[in-house]
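# Per-entry structural report
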Amino acid sequence: MIIEHIDTQLPGTVTDRHAFRGDQTIVVAKDSFLPLVDLLYREGFQLLVDITAVDWPEREQRFDVVYHWLNLASQERLRVKVPVADGEAMLSLTGRFKTADWFEREVFDMFGVRFEGHPNLKRLLTWDDFPGHPLRKDFPLDGGDAFCMEGCTAPYNNGERG
Amino acid sequence: MAHPASPFLSVLILLLIAGVTALIILVLSGKVLPLLKPNNPKAAKLRVYECGVPIQQDGARHKYTVRFYLTAMLFILFDVEAAFLFPWAVNFKHALWTFGAMLSFMATLLVGFIYAWGKGAFEWER
Amino acid sequence: MSEMNFNDAVMTTRLDAVVNWGRKNSLWPMPFGVACCAIEFMSMMASKYDLSRFGAEAMRFSPRQSDMMLVLGTITNKMAPVLRTIYAQMAEPKWVISVGVCASSGGMYRTYSTLQGIDRVIPVDVYVPGCPPRPESMIYGVMKLQEKIEKESLSMRKDHIERFYESLDRQEALQAAKGLTGQQAIREMMFDAADRGVGTIF
């Protein structure tokens, strides 16, 4: 439905697509992202449900910024993935979708993907000077926690961990 | 034996028991229990409790308007006046002197009433 | 309890035993309920499992009116200074039971945001594992605490509480000196402690 529509209106935009048990996903390049968003908005996909990202460290375009839209009239959902390289800035949707504000801040905090045109791109969940971006695959799982179970004593209980 | 104060003997016994109990509690909590309980005053323990977060305001006591006090005070005054009126009214026997006495009492309070009225104590919005 | 029965007519006990008996049978819990273990705590306090038969009838949510803190749920790094302040405001004698695996060791959350066990920031007396522990397990934990209390003595030194207050002072000094939040100060203190090979910040 909507994907055929995109193909007729904006041919060549969709570089990849897949569907799984009713989910529809398309992959588009960053250059054709804004016209696609305009088209989706006209077609009724006016609820931006989520913006998140996935880190594929072996790929050259490391991050996949993932957008979810819901068409309130037809109850149709669409997932759009945009590959972005490390250091490359993505385009912000805050002009049209107010919820994009905090979603993009969260993606910036967790992955380090900057968004051009965002009014207040600061970290959201961690503190301002937090070192690193937690959801990247090369961030240590426990945040650089230096503790280990062996070799560390509990000073009370006479050093026994009992 | 009919002791002249016997209706009040039970009250005396109650007074003594209450007094002795209070004394026991005071001595226990002042002298005995401090030997048993831990005593470890720390600055952090005595801070204002605000669910573990640093205090967001400088104290729970804040100023409020004097109108509440004024209203309460005026109420007390005129309510006590009314309270004096009731026993007088019950025992009133249609004598001019009695009537005049109560009138002069109310006149005294009326002067105060007019003064408060003139000063605007009855207006809530100033 | 050390008692001597003179023909079952007279019973003498040591002062410690009497005081400890009183303390262990009137443990007023302060539920620091932050997650799912709190639901199990509610179930434990309700009529079927009923902790009040152990004297824990008065469940006070104020640190000043309770003596046993039950940490029920995941404590994040951001919540750690709050936990320390609440523990600091409890009056002695006080004990802590760490209920559930999240409070005891971080549980299934091995991440940058979850405190890997509250014993890194507060002294803990009893650990109750489980995710969440059944109410019977939590009651067993309270019973173990009662056994621990029985063995205390009035003149026992509670060094871990002293060290906790010292560490709280150090944390506040660090916050004031560097303009940090509580979470950041505790994180620095944890790295310092790790350098020394110690598993707690107090």
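Just so we're clear, the structure is a prediction, and the values are computed from it rather than from any experiment. (Residues numbered from 1 in each chain as written. Chains lettered and ligands numbered in written order. Predicted model: local features only at pLDDT ≥ 70, side-chain atom pairs only at ≥ 80, totals over all residues.)

### Some words on the overall build of chain A
Broken down by element type, chain A carries three helices and seven strands. Mapped from its N terminus to its C terminus, chain A presents α and β elements in the order α-β-β-α-β-β-β-β-α-β. Taking contacts inside chain A between residues at least 6 apart in sequence as the whole, the part at least 24 apart equals 45%. (Helix = DSSP H or I, 4+ residues; strand = E, 2+ residues; numbered from the N terminus. Contact = placed C-beta atoms within 7 Å.)

### Topic: the interface of chain B and chain C
Across the contact, ten residues belong to chain B and 15 residues belong to chain C. Grouping the amino acids of the side of chain B that touches chain C by side-chain chemistry returns five nonpolar, two polar and three charged. (Nonpolar A, V, L, I, M, F, W, Y, C, P; charged D, E, K, R; others polar.)

### A closer look at the arrangement of the chains
For this structure, the chain pair with the highest number of contacts among two pairs of chains in contact is chains A and C. No part of chain A reaches chain B; the closest C-alpha pair between them is 17 Å apart.

### Regarding the sheet that holds strand β3 (residues 29-33) of chain C
Residues and elements named next belong to chain C. Taken together, the four strands give an open sheet; going across it, the order is β3-β4-β5-β6, and neighbouring strands pair in parallel fashion. At either end of the open sheet lies a strand with only one pairing partner, and these are β3 and β6 (126-128). Neighbour to neighbour, the strand axes of the sheet diverge by 20° on average, direction disregarded. Strand direction decides the pairing type here: strand β5 (residues 95-99) and β6, joined by three bridges, are parallel. (Pairing = 2+ DSSP bridges. Axes fitted to C-alpha atoms, helices over the stretch in contact; angles between N-to-C directions.)

### Some points on the sheet that holds strand β3 (residues 47-55) of chain A
Residue and element names in this part refer to chain A. The five strands are arranged β1-β2-β5-β4-β3 in an open sheet whose pairing can be described as mixed. Unpaired on one side and paired on the other, β1 (14-20) and β3 mark the two borders of the sheet. Sheet twist, expressed as the mean angle between neighbouring strand axes with direction ignored, is 20°. Pairing of strand β4 (residues 63-71) with strand β5 (residues 76-84) involves nine bridges; the strand directions are antiparallel. Note that in β5 the partner of Leu70 across the bridge is Arg77. Across the face of the sheet, helix α1 (residues 2-9) comes into contact with β1, β2 (23-28) and β5 while running at roughly 170° to β1.

### Comments concerning helix α3 (residues 100-111) of chain A
Residues and elements named next belong to chain A. In a regular helix each residue adds 1.5 Å, so twelve residues correspond to 16 Å; α3 covers 16 Å between its end C-alpha atoms and thus fits that length. Among all positions of α3, only Phe103, Glu104, Arg105, Val107, Phe108, Asp109, Met110 and Phe111 are buried. Those residues of α3 hidden inside the fold are in contact with β3, β4 and β7 (115-116). At the exit of α3 stands Gly112, carrying a positive phi of roughly 90°. (Expected span 1.5 Å × (residues − 1). Buried ≥ 20, exposed ≤ 12 C-beta atoms within 10 Å, placed from the backbone.)

### Comments concerning the packing of helix α6 (residues 159-178) of chain C against helix α7 (residues 182-196) of chain C
All names here are of chain C. The N-to-C vectors of α6 and α7 enclose an angle of 115°; their axes lie 9 Å apart at closest approach. As for how α6 packs across α7, the hand of that crossing is right-handed. Here Arg170, Gln171, Leu174 and Gln175 of α6 lie close against α7, whose contacting residues are Gly182, Ala185, Ile186, Glu188 and Met189. Tallied by class, residues from the contact of α6 with α7 come to four nonpolar, three polar and two charged. (Left-handed = near helix turned anticlockwise from the far one by under 90°.)

### Quick look at the nonpolar core
Residues Met69, Leu70, Val71, Leu83, Ile97, Val99 and Ile118 of chain C are the most contacted members of the largest nonpolar core, which totals 49 residues. Leave out the neighbours within four places in its chain, and Ile97 of chain C touches Met68, Leu70, Asp125, Val126, Val128, Gly141, Val142 and Leu145 of chain C. If you look at the next biggest cluster of nonpolar residues, it comprises 28 residues, including Ile6, Leu48, Phe63 and Val65 of chain A. (Core = buried A, V, L, I, M, F, W, Y, C linked by C-beta atoms within 7 Å.)

### Description of the pairing of β1 of chain A
Residue and element names in this part refer to chain A. Little of β1 is tucked away: zero of the seven residues are buried. In the sheet, β1 pairs with β2 via six bridges, with the strands oriented antiparallel. Opposite His18, over in β2, you have Thr25 as the bridge partner. Linkage of β1 to β2, two consecutive antiparallel strands, is achieved through a turn of two residues, within which Arg21 is found at a positive phi near 50°.

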